[in-house]
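Notes for the structure review
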Amino acid sequence: MIKVCKFGGTSMADGNMMKKVADIIKSDGARRYVVVSAPGKRYGADIKVTDLLYRCYDEVAQTGKCGESFDKICERFRGIVGELNLSMDIDKILADTKEEIEKEKSTDFTASRGEYLSARVMAALLDVPFIDARDVVKFDKNGLLDSERTFELTGDALKGKKNAVVSGFYGEDVNGKVKTFSRGGSDISGAIVARAVMADLYENWTDVSGFLACDPRIVDNPEGISAMSYKELRELSYMGANVLHSESIFPVRAGDIPICIKNTFRPMDEGTMILPTSKYRYTGKIVTGIAGKKNFSVIFIEKSLMNSEIGFARKVLSVLEKHGVNFEHMPSGIDTMSFVIDSEELKHGVLEEILEDIRTAVKPDNLRVFDEIALIATVGHGMSRNVGTSAKLFDAIARAGINVRMIDQGSSELNIIVGVDNDNCERAIRAIYEEFFRKGPSFGL
Ligand code: ADP
Ligand code: ASP
Ligand code: MG
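This report concerns the structure included in the present document. (Residues numbered from 1 in each chain as written. Chains lettered and ligands numbered in written order. Predicted model: local features only at pLDDT ≥ 70, side-chain atom pairs only at ≥ 80, totals over all residues. Heavy atoms only, no water.)

**Digging into helix α13 (residues 389-399)**
To keep things clear, this is the line we draw: Exposed residues in this analysis have more than 50% of their type's maximum accessible area, buried residues have under 20%, and partly exposed residues fall in between, with area computed by a 1.4 Å probe over protein chains only. Under the DSSP-based scheme used, a helix requires at least four consecutive residues in state H or I and a strand at least two consecutive residues in state E, with every element numbered from the N terminus. The directions from the helix axis to the C-beta atoms are what the arc is built from. Whether two residues are in contact is decided by their heavy atoms: any pair within 4.5 Å suffices.
Taken residue by residue, α13 has T389, L393, A396 and I397 as its buried positions. Down the axis of α13, the sector holding all buried residues measures 95 degrees, keeping them to one side. Exposed side of α13, more than 90 degrees from the buried face: A391 and R399 are the residues found there. Along its buried surface, α13 packs onto β13 (366-379), β15 (415-421) and α14 (425-437). Where α13 ends, the next residue or the one after it, G401, has phi of about 75 degrees, a positive value.

So, in structure tokens, the structure goes:
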């Protein structure tokens with residue numbers, strides 16, 4: 001039995017937390033390979049080491065030298081090593097790191113040093129080998145994970161090692177430069193290691209007792225989810241449930257490895273099991289979870305007889321392709337078509353150029369843009385089994401006095417997405433949660 005354990009930022013926040021982590025690892029001999037994040041927040045107003053590193057990069061870019069932010073990082077790591085009573089020469093490691101940051105002058109390299117340092121500390125604490133992700137996690141020429149090579153190199157590096165600590169969040173590109181995943185990416189690193197050793201379980205340790213039915217910062221004390229499928233995970237994490245990075249699913253899916261989300265503060269809590277969709281059994285719940293994401297724009301196109309105009313969609317899609325813009329959803333009617341796009345992609349005049357090109361390409365009767373839209377995903381395999389789910393959902397939103405700006409029921413029947421104004425995002429999530437989780441006897445029938 002092999003378990004790969006990833007510990008997130010809060011779990012690595014200080015020496016005391018790292019001791020807890022070490023106890024968790026030592027309490028189960030199957031917990032052989034460990035992936036760690038950079039130290040996160042110790043208290044609400046604290047700053048994550050990764051955020052300090054991004055600031056550090058800005059300082060280096062301006063002055064050529066590490067400044068105040070790097071001093072704060074040094075203070076944190078010296079404090080941790082002191083608290084843990086480790087004999088490692090942290091001053092030398094920090095001095096070398098500073099020199100490299102100033103030499104490399106790269107955002108990704110600088111940001112990656114939090115994971116590099118915390119993995120070195122954790123390896124010293126556990127007295128096991130440290131594996132630098134740079135040597136085993138490789139990106140291809142398009143900047144995407146080179147999965148095959150990565151699994152092979154990681155597997156080879158761990159072969160014959162009973163235990164090891166691997167740094168999360170980064171790898172190396174084809175030019176030999178350090179490259180990071182997007183924020184929260186140590187979850188992907190953990191999944192990579194799990195796949196590389198064909199682990200029996202990928203344990204993802206964080207600061208909540210599993211995947212909750214919605215973000216606990218939006219709904220007070222939401223219900224926990226005991227089991228969910230890969231598909232549900234992907235839909236919810238992509239739509240903002242950032243307890244697990246939405247791309248962590250791909251490496252484990254390739255090996256059918258289950259994920260368990262666990263709480264470092266309450267290791268005995270059961271947590272959430274995330275299972276291959278084929279092994280997932282219907283739990284009797286209509287809705288598994290709800291998640292929301294803000295700041296989308298909807299480009300709405302109307303033209304009579306659009307449906308009979310051959311190549312209409314292709315022409316519009318070519319415009320988006322020409323501008324290198326992705327769309328998230330494409331709800332359409334007989335004479336209407338909408339594209340939901342992350343507003344970030346439409347900045348700096350891109351939107352205006354796209355609108356102009358759409359006008360030229362398809363000569364719409366009506367072309368409009370709605371901004372500041374939040375998308376809310378209500379997800380669950382149970383939804384397709386229960387009649388009237390969408391009626392309940394829309395009723396709940398209407399009762400809360402919220403205007404629905406867009407609807408998209410994904411072809412998967414697993415997901416209903418509604419678009420509301422950004423300002424209504426939290427209220428709509430609460431209304432849907434109340435409807436499906438707190439409403440009493442009719443729930444689950
Ligand atoms: P880590 O540093 O361990 O990777 P993250 O901060 O990335 O932890 O993820 C855990 C946090 O995700 C929780 O503290 C919680 O605030 C937030 N979160 C958002 N949506 C959910 C959800 N549906 N279930 C649980 N936590 C959620
Ligand atoms: N430390 C990185 C971040 O803050 C990666 C991670 O924690 O997963 O985004
Ligand atoms: Mg995280």
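**As for the sheet that holds strand β3 (residues 130-131)**
Note the threshold: A strand pair is defined by DSSP finding two or more bridges across the two strands. To get an axis, a line is fitted to the C-alpha atoms, and for a helix only the part in contact is used. The angle between two axes follows their N-to-C directions and goes from 0 to 180 degrees.
Taken together, the 8 strands give an open sheet; going across it, the order is β3-β4-β2-β1-β7-β9-β10-β8, and neighbouring strands pair in mixed fashion. Among the strands making up the open sheet, the edge pair consists of β3 and β8 (227-229). As paired strands, β3 and strand β4 (residues 164-167) are joined by 2 bridges and run parallel to one another. Its bridge partner being in β4, F130 is matched across the sheet by V165. Sheet strands touched by helix α5 (residues 107-126): β2 (31-36), β3 and β4. Its angle to β4, the strand with the most contacts, is close to 170 degrees.

**A closer look at the site of ligand 1**
As a reminder of what qualifies: We call a residue near a molecule or strand when any one of its heavy atoms sits within 4 Å of it. Think of a polar contact as two N or O atoms within 3.5 Å of one another; within protein, one of them needs to be a possible hydrogen donor and the other a possible acceptor, and neighboring residues in sequence only count if both atoms come from side chains. Accessible surface area values rest on a Shrake-Rupley calculation with a 1.4 Å probe, where residue burial reflects the displayed protein chains alone. Side-chain classes are defined by residue name, with Ala, Val, Leu, Ile, Met, Phe, Trp, Tyr, Cys and Pro counting as nonpolar, Asp, Glu, Lys and Arg as charged, and the others, Gly among them, as polar.
Taken together, 18 residues are adjacent to ligand 1, and K6, G9, T206, D207 and L212 come closest. A distance of 3.1 Å separates an oxygen atom of ligand 1 from a polar side-chain atom of K6. Taking D207, its side chain carries an N or O atom lying 2.8 Å from an oxygen atom of ligand 1. Here ligand 1 loses 86% of its free accessible area of 570 Å² to cover by the protein chains. Here the shell around ligand 1 is composed, by residue class, of 8 nonpolar, 6 polar and 4 charged.

**As for the packing of aromatic side chains**
Remark: the centre distance and the inter-plane angle together describe each pair of aromatic rings, the angle taken between the planes. Convention followed: When two rings of Phe, Tyr or Trp (its six-membered ring) have centres within 6.5 Å they constitute a pair, described as stacked for plane angles under 30 degrees, edge-to-face for angles over 60, and tilted for the intermediate range. Two limits define a charge over a ring: the Lys NZ or Arg CZ must be within 6 Å of the ring centre, and within 35 degrees of the ring normal.
Using the criterion set out here, one finds 6 aromatic pairs in the structure. When the centroid spacing of 5.3 Å and the interplanar angle of 85 degrees are considered together, the rings of F327 and F339 count as edge-to-face. Note that F327 is positioned in the loop between α11 (312-322) and β12 (336-342) and F339 in strand β12, a separation of 12 residues in sequence. Above the ring of Y116, the side-chain terminus of R113 is found at 4.4 Å from the ring centroid. Taking the ring centre of F139 as reference, the NZ or CZ of K179 above it sits at 5.3 Å.

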